[in-house]
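# Observations on the three-dimensional arrangement
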Amino acid sequence: MKLIDMLAEEVRASAAYNSNVQVAPGVILWTDKLRQWEPALPLLQAAMPELIVLGDYAPDKKTGPAIWVKCVVENVLPEIQMPADRIPILYMPGVERRDLRAIANCPDELKPLAELQYRGCWWIYNNSGRDWTVNAFLLSSNGGAGLDVAKDEKSQQAMLRVLPELLESDCDDLRNRRLEAADFNKLVSSDPVRDLLSWMNDSKGCKERWEASRWQALIGICETEYHFNPAQDGELVAAELLCKRQGIWESVWQRFAESCHHYPNLPQLLLKVQPDLASSGESYPVINAKEEKELGQSLKELLGQSSPQVRQSLLVLEKQHGSRRQWLWARLGMAPLAGVLAHLSQVADKTSRVFSGADAAEMAAQYKESSWQADDEALKALAFPLSSDQQALIQQILAIVYTPWLDEITRNFQSLVKTKGYPGQGQVNDATAGYAVSGEVVFFVDGLRYDIAHRLVSRLQSLGEVKISSNWAALPSVTATAKAAVTPVHDQLTGKADCQDFQPCLLGEEKDFSSYYLKKLLQQKGWHYLEEGDSGDPSSNAWVQSGDIDKEGHVKGLKLAARIDILLDEVTERVEELLAAGWNKVRIVTDHGWMLTPDAMAKVELAKHLVATRWNRCAVVKEAIATGYQQIGWHWNPAVSIAFAPGACSFKAGQHYDHGGLSLHECLTPVIEIKNGQAGVKTTSASATLSELRWLGLTCRVQAETSAEGIVAVLRTHAADPDSEITKRKPLKDGKCSLLVDDQYEGSSAVMVLLDVQGDVLAKKPTVVGDE
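Described in the following lines is the structure provided in the data block. Being a predicted model, the structure only gives us computed values, none of them experimental. (Residues numbered from 1 in each chain as written. Predicted model: local features only at pLDDT ≥ 70, side-chain atom pairs only at ≥ 80, totals over all residues. Heavy atoms only, no water.)

### Comments concerning the nonpolar core
Across soluble globular proteins, nonpolar side chains show a tendency to be buried alongside one another. The line we're drawing: Each nonpolar core is a collection of buried residues, namely Ala, Val, Leu, Ile, Met, Phe, Trp, Tyr and Cys, held together in the definition by side-chain atoms within 4.5 Å. Note on classification: 1.4 Å probe, protein chains only; a residue is buried when its accessible area is under 20% of the maximum for its type, exposed when over 50%, partly exposed between these limits.
L314, L448, W543, V575, I588 and I672 are the most contacted members of the largest nonpolar core, which has 115 residues in total. Of all hydrophobic cores here, the second largest spans 42 residues; its members include M6, V11, L43 and M48.

### Description of the pattern of salt bridges
Rule in force here: Should a side-chain nitrogen of Lys or Arg be within 4 Å of a carboxyl oxygen of Asp or Glu, the pair is scored as a salt bridge. The numbering of helices and of strands both runs from the N terminus, where a helix is a DSSP run of H or I of at least 4 residues and a strand a run of E of at least 2.
Going through the model one piece at a time under the given rule, you end up with 46 salt bridges. With its nearest N and O atoms 2.7 Å apart, the salt bridge here joins D376 to R455. Taken together, the residues span a long stretch of sequence, with D376 in helix α21 (residues 360–383) and R455 in helix α24 (residues 450–460) at a distance of 79 residues. Both residues of the pair, D376 and R455, count as buried. What you see here is one network of salt bridges that share partners, running through D376, K380, R455, R459, D565 and D569.

### What to know about the sheet that holds strand β2 (residues 51–54)
Put simply, the test is: We call two strands paired when DSSP finds no fewer than two bridges between them. Working rule for contacts: check all heavy atoms of both residues, and any pair within 4.5 Å makes them a contact. Geometry is summarised by axes, namely lines fitted to C-alpha atoms with helices restricted to the contacting stretch, and by angles between N-to-C directions that run from 0 to 180 degrees.
Here we have five strands laid out as an open sheet, ordered β3-β2-β4-β1-β5, and parallel in their pairing. The sheet is open, and its two edges are formed by β3 (63–64) and β5 (121–122), each paired on a single side. Inspection of the sheet shows strand β1 (residues 28–32) paired to strand β4 (residues 89–93) by five bridges, in the parallel sense. The residue of β4 that forms the bridge with D32 is P93. This element, helix α1 (residues 3–13), spans β1 and β4 of the sheet and lies at about 120 degrees to β1. On the sheet, helix α3 (residues 66–73) packs against β2, β3 and β4 and is oriented at approximately 160 degrees with respect to β2.

### Concerning the packing of helix α11 (residues 192–201) against helix α15 (residues 249–258)
As a reminder of what qualifies: Oblique is the label for every angle not falling under 35 degrees (roughly parallel), over 145 degrees (roughly antiparallel), or within 65 to 115 degrees (roughly perpendicular).
In contact at an axis separation of 10 Å, α11 and α15 are set at 70 degrees when each is read in the N-to-C sense. One element, α11, and the other, α15, form an angle in the roughly perpendicular class. On α15, the residues touching V193, R194, L196 and L197 of α11 are W249, V252, R255 and F256.

### Remarks on the packing of α24 against helix α28 (residues 560–580)
Note the following rule: Helix crossings fall into two classes, left-handed where the near helix is turned counterclockwise from the far one by less than a right angle and right-handed where it is turned clockwise.
At a closest axis distance of 10 Å, the pairing of α24 and α28 adopts a crossing angle of 45 degrees. With respect to their mutual orientation, α24 and α28 come out oblique. You can see that α24 and α28 cross each other, and the crossing is right-handed. Of the residues in α28, those touching α24 at I452, R455, L456, R459 and L460 are I564, D565, L568, D569, V571, T572 and V575.

### Some thoughts on helix α17 (residues 285–301)
So the rule is basically this: Any helix carries an expected span of 1.5 Å times its number of residues minus one.
With 17 residues, α17 should cover 24 Å at 1.5 Å per step; its first-to-last C-alpha distance of 24 Å lies within 8% of that length. Along α17, the positions that sit buried rather than exposed are P285, I287, N288, E292, L295, G296 and L299.

Now the structure itself:
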């Protein structure tokens, strides 16, 4: 691991929080009164794209004054692209923590940032309130690199002088010896290829930062080995030689390709190199830029064409530009349109065939076989990182090729339901079948659509035997109705004739079904309701619910597409915890799917006087009234008639995301079963060794060497007593995991324990909670 990667990991780790009692920090605050880290800013921002800097207004460098910083943190500047899955990091050179802490004396230019300390967290030296200096980070074994650094003035000066080079060094190369001035100086001459690329990346900065001896050494090496003189020929000649990739320059190119993100300015230099007619865009970014511009123009020209024409054109463009995704420039984010074209062309191919069937079940079989991939690719296209103008263009193209397909197959499905009936009525509920099996936990994920369930299945494969099947949602496909139908207590519910909000009630009573009654009825049935972080008793049955897919859809609309993988990772982590706790089987169920259209759903009129309640995709019809739209009885009381919006339409304007309608996307739901791959397996050769245990506040970071899968870590007050556990059990991933401890145990003695799949102790190590 490079030192820069360790630094990025430690800074990000400062935002660790207990999700059971806390919300995520809004920003990580990094103060640097002495400005020691400032010379390495380009490298730091390359390693941490979420890093913004307090300073003079320079948005291209993600730098600006306090008000601009606040806008970036709040994600209201569309021109500033920040990673969606990272907490922003605010680096403040020349500022110390007390400048913000003493609000009354806070400088005017910092006052807009003062409130961030209450919504964010600090990256500070071992919770001491002091800045992390470079020396402190290198020395500290708690949150730092744990290196042995000489304290003499020459060594300290050399350390700061070569900070960018130091950060690019491998940690293992710096360990097991005392680092003195000579060691730091060797960093400037031990790797001439790195020096050459660093100089090409920032020629002015390197010459200002380097000692004269280092600069002269590079000149000599380049003259003898690379056949040019940096001082006389300049960086543009070096760029031309690099793009040609002839002789020894091929090794320089390969080094650049391997670590291109460490040289963020170099592509801009290479763009100045003009190729000859025989040159390949694989080596010349100007060719890639030209083709990317041509692709953008070609995509704009599609907007006036018909759906079949656009589909055909997308497939042709894919043949022309698809190979550019293998070029280095795509990895550097310089070919975004070529990247998103992979998904657009798949949408074009999958939507070229509109399907139906003899009945709704046969149509669903076709969808489950392959047609779901059209929806998955459309989501990936919407999620692809693009500029705002490019995103708008892609949405317009999807509106031409995807929305009509979605509308047509939905109308086909509705027609089959009208003539042959809805498959979900009067049939066995596959989601709830076999709920009585002990050792099974039912995991409810709200809004897990069938296509993204396949993404989830791919994540779960390593955890055990995984099987995906399907179920039909209770109508209408809204949470109040459909969630109740997949609970273990569904047989104790019914519906009132005067219901207007699709909420069932308790059988024989007039009480609306709620979370309170869900927990109560589960308890009466002998089931457990697991709260967040609770693993329960694996010998019983349990219900657990998590996942915010539906909530995110209603709040974020089209932006849901970019959040799906993050949400699925959270579900996967919860499944890992349950299996590690010893559950034989996890069954994932959901209530409904949803529609997400790149353009707002077409509005259809439904007069208010005809309905008792009108939602976006469905409505409760007043008694004995025909609406002109397809009507089906409510799942919980068929006497209540529900009207459904036709196709991919809505009863309200401006909707991109919604559910409640009658479509495969909303009604065909997944059921995923994961059988514990370690349950009942007796392993006699498992072994583990605790190699590192570090505290970051109340987060304990564990590093271990293991010989088997399924090993979990947990903190106990007594090593052999499972009842003394003060954290939930976490499986080791690549020998690592982090455990969060409640603040009531801070300062208490504890034992870190590693357990095998039978719960036997493999290794233990005493510690003090929160020890620095």
